[in-house]
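# Coordinates in review
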Amino acid sequence: MSFEIDERMKQNIARICLLVRDYNEAIDFYTLKLDFDLLEDTDLGNGKRWVVVRPKKSNDAALLLAKAGNDRESKCIGNQTGGRVFMFLYTDDFYRDYNLYKEHGIVFHGEPRKEVYGTVAVFEDLYGNKWDLLEPSL
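My aim in this report is to walk through the structure given alongside it, one point at a time. The structure presented is a predicted model; accordingly, all values stated were derived computationally and were not measured.

### What about helix α1 (residues 23–33)?
Looking only at α1, the buried set comprises Tyr23, Ala26, Ile27, Phe29, Tyr30 and Thr31. Those residues of α1 that are buried lie in contact with β1 (15–20), β2 (36–45), β3 (48–55), β4 (62–67), β7 (118–124) and β8 (130–136). Its side-chain oxygen placed 3.0 Å from the backbone nitrogen of Asn24, Asp22 serves as the N-cap of α1. Asp35, located one to two residues past α1, shows a positive phi value of around 65°.

The structure is reproduced here in structure tokens:
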């Protein structure tokens, strides 16, 4: 069996599902602490909402904030990658964002460091998911 890809087809990752405990606390964290834009907050009924946030001035993938709906999902909140860094937030000005996040009470794991790929520091979201704040090397 052969599989051919249509050369006209374009794909991109549009949304990444992030399990949250509460919609409103997650919206507050991402919009007020990380300064993301709230793109959509639609009531789907039965306590479910379609909530999408994305870094300002970005046209790339966005986060779908999904409230855990059962015990299994609840156990994964804050640990969707088994303790590894989950998200990589690229920036064009590392220290601008690093200092802003520190002012907003964001918890960082260690000091910023220079790596061959750029300036980076690991931080946690409100649930403990690890993120890299990263300004790539040119």
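### Concerning the pattern of salt bridges
Across all of its chains, the model carries six salt bridges by this definition. With its nearest N and O atoms 2.6 Å apart, the salt bridge here joins Lys56 to Asp37. Of the two residues, Lys56 is situated in the loop between β3 and β4 and Asp37 in strand β2; the sequence distance between them amounts to 19 residues. Given the relative accessible area of 41%, Lys56 is considered partly exposed.

### Observations concerning the environment of Tyr23
Position of Tyr23 relative to the elements: it lies in helix α1. Residue classification places Tyr23 among the buried residues on the basis of a relative accessible area of 6%. The spatial distance from the C-alpha of Tyr23 to the C-alpha of Arg49 is 7.9 Å, given a sequence separation of 26 residues. Those residues in contact with Tyr23, other than ones at most four positions away along the chain, are Gly47, Lys48, Arg49, Val51, Leu65, Ala66 and Lys67. At a separation of 3.0 Å, a polar atom in the side chain of Tyr23 contacts the main-chain amide nitrogen of Arg49.

### As for the sheet that holds strand β6 (residues 108–115)
Read across the open sheet, the four strands follow the order β5-β8-β7-β6; overall the sheet is mixed. Of all strands in the sheet, those with a lone pairing partner are β5 (85–90) and β6, marking the two edges. On average, each strand axis in the sheet is inclined to that of its neighbour by 20°, with strand direction left out of account. Sheet topology places β6 next to β7; five bridges connect them, and they run antiparallel. In the sheet register, Glu115 faces β7, and the bridge partner there is Gly118.

So, how was this worked out
Residues numbered from 1 in each chain as written. Predicted model: local features only at pLDDT ≥ 70, side-chain atom pairs only at ≥ 80, totals over all residues. Heavy atoms only, no water. Buried < 20%, exposed > 50% of the residue type's maximum accessible area, 1.4 Å probe, protein only. Helix = DSSP H or I, 4+ residues; strand = E, 2+ residues; numbered from the N terminus. Contact = heavy atoms within 4.5 Å. Polar contact = N/O pair within 3.5 Å; in protein donor to acceptor, adjacent residues only side chain to side chain. Salt bridge = Lys/Arg side-chain N within 4 Å of Asp/Glu carboxyl O. Pairing = 2+ DSSP bridges. Axes fitted to C-alpha atoms, helices over the stretch in contact; angles between N-to-C directions.

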